[in-house]
Every structure is written in C-alpha cells, then in structure tokens.
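Single-letter residue listing:
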Amino acid sequence: QVQVVESGGGLVQAGGDLRLSCATSGRYAMGWFRQAPGKEREFVAAISWSGGTTYVADSAKGRFTISRVNDKNIVYLQMNSLKPEDTAVYYCAARSSGRVYATEVHQYDYWGQGTQVTVSS
C-alpha cells in the first residue's frame, strides 16, 4: 500500500508564505493539486522522479516552487506571496505509471488526504 501524507497547511495572511510537505512510502513522480469549495481539482505543480524536471501552473508561476529530497521520499511545495484565491485544500499525488511529471488528475495513482490552506485578505 502506497502512503502519501501531506502536512504544513494552515492560515496565513495575504502576502505570506507557507511550505507544504508530502511524505511517501516510495519514490515516484509527484504532483500537487488543489481544490477550492465548489470547484474542480486543479493542477498546481509537478516534479519528475529524479527531481530534474519541474512544472508549475501559470496561476502559481513565480510564487510557488516544487522540490524534493529523494533519499527521504519527501516533496515540498514552497508557496510565497500567497493570495486569497490560493485558498483551497491542497493534495499531494504520486504517479506510479511513469517517471516524468504529469499535470492531469487521472495520471496520478495515489493521493493524500489533503491539507487546508487558508489565505486571509
């Protein structure tokens, strides 16, 4: 059973920073998604199995950074200059079917339980 566990969410004022962590029971290509109330789950950032390739959604580009520590099977999402519209439940996902990064929900096989991020104005 693959385990995916997020942590690091919380309440922050607009302009503030948060770092989310995602621990897995193995090494995978990984992605971060988020889902706001009444909206579909959307892609935020992804990183390849090696960590050599990353991709960030336009909505987060220049503010969010994805990285990983391979020997600890941890992936981070550093979120800077947060905006109220970043408020959502953030999910970490692992992709067992390939080593390259992916941007679609259906391309990921294992999901964490989610962590709430709330940005106040």
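Everything numeric here is computed off the predicted structure, so don't read it as measured data.

(A) Region of interest: the packing of aromatic side chains. Under the definition given, this model contains seven aromatic pairs. Summarising the aromatic geometry, the rings of Tyr28 and Tyr110 are spaced 6.3 Å apart at their centres and angled 50 degrees between planes, so their arrangement reads as tilted. Here Tyr110 lies in strand E10 (residues 110–111) and Tyr28 lies in the loop between strand E3 (18–24) and strand E4 (29–35), a separation of 82 residues in the sequence. Overall, the relative accessible area of 16% leaves Tyr28 in the buried class. When the ring of Tyr108 is compared with that of Trp111, the centres are 6.2 Å apart and the planes differ by 65 degrees; the resulting orientation is edge-to-face.

(B) Layout of the state of the cysteines. All told, the structure shown has one disulfide when counted by the stated rule. At a sulfur-sulfur separation of 2.0 Å, the disulfide partner of Cys22 is Cys92. Looking down the S-S bond of the Cys22 and Cys92 bridge, the torsion is -85 degrees, so its handedness is left-handed. Highlighted residues: Cys22 in strand E3 and Cys92 in strand E9 (residues 88–95), separated in sequence by 70 residues. The class of Cys22 is buried, set by a relative accessible area of 1%.

(C) Representation of the nonpolar core within the structure. Residues Met30, Trp32, Val44, Phe64, Leu77, Met79 and Tyr90 are the most contacted members of the largest nonpolar core, which totals 27 residues. Elements supplying a minimum of two residues to this core: E3, E4, strand E5 (42–47), strand E7 (64–69), strand E8 (74–79), E9 and strand E11 (115–120). Among the elements that line this core, the one with the most residues is E9, at four residues. Setting aside residues no more than four positions away along its own chain, Tyr90 makes contact with Glu6, Leu20, Trp32, Phe33, Arg34, Val44, Phe64, Leu77, Met79, Gly114, Thr115 and Val117. The next biggest cluster of nonpolar side chains, apart from the first, holds seven residues, and it includes Phe43, Ala46, Ala57 and Ala93.

(D) Inspection of the environment of Ser96 at higher detail. Here Ser96 lies in the loop between E9 and E10. On the basis of relative accessibility, which here comes to 41%, the residue Ser96 falls in the partly exposed class.

Rules of the game
Residues numbered from 1 in each chain as written. Predicted model: local features only at pLDDT ≥ 70, side-chain atom pairs only at ≥ 80, totals over all residues. Heavy atoms only, no water. Phe/Tyr/Trp six-rings, centres within 6.5 Å; stacked < 30°, edge-to-face > 60°. Helix = DSSP H or I, 4+ residues; strand = E, 2+ residues; numbered from the N terminus. Buried < 20%, exposed > 50% of the residue type's maximum accessible area, 1.4 Å probe, protein only. Disulfide = S-S within 2.5 Å. Core = buried A, V, L, I, M, F, W, Y, C linked by side-chain atoms within 4.5 Å. Contact = heavy atoms within 4.5 Å.

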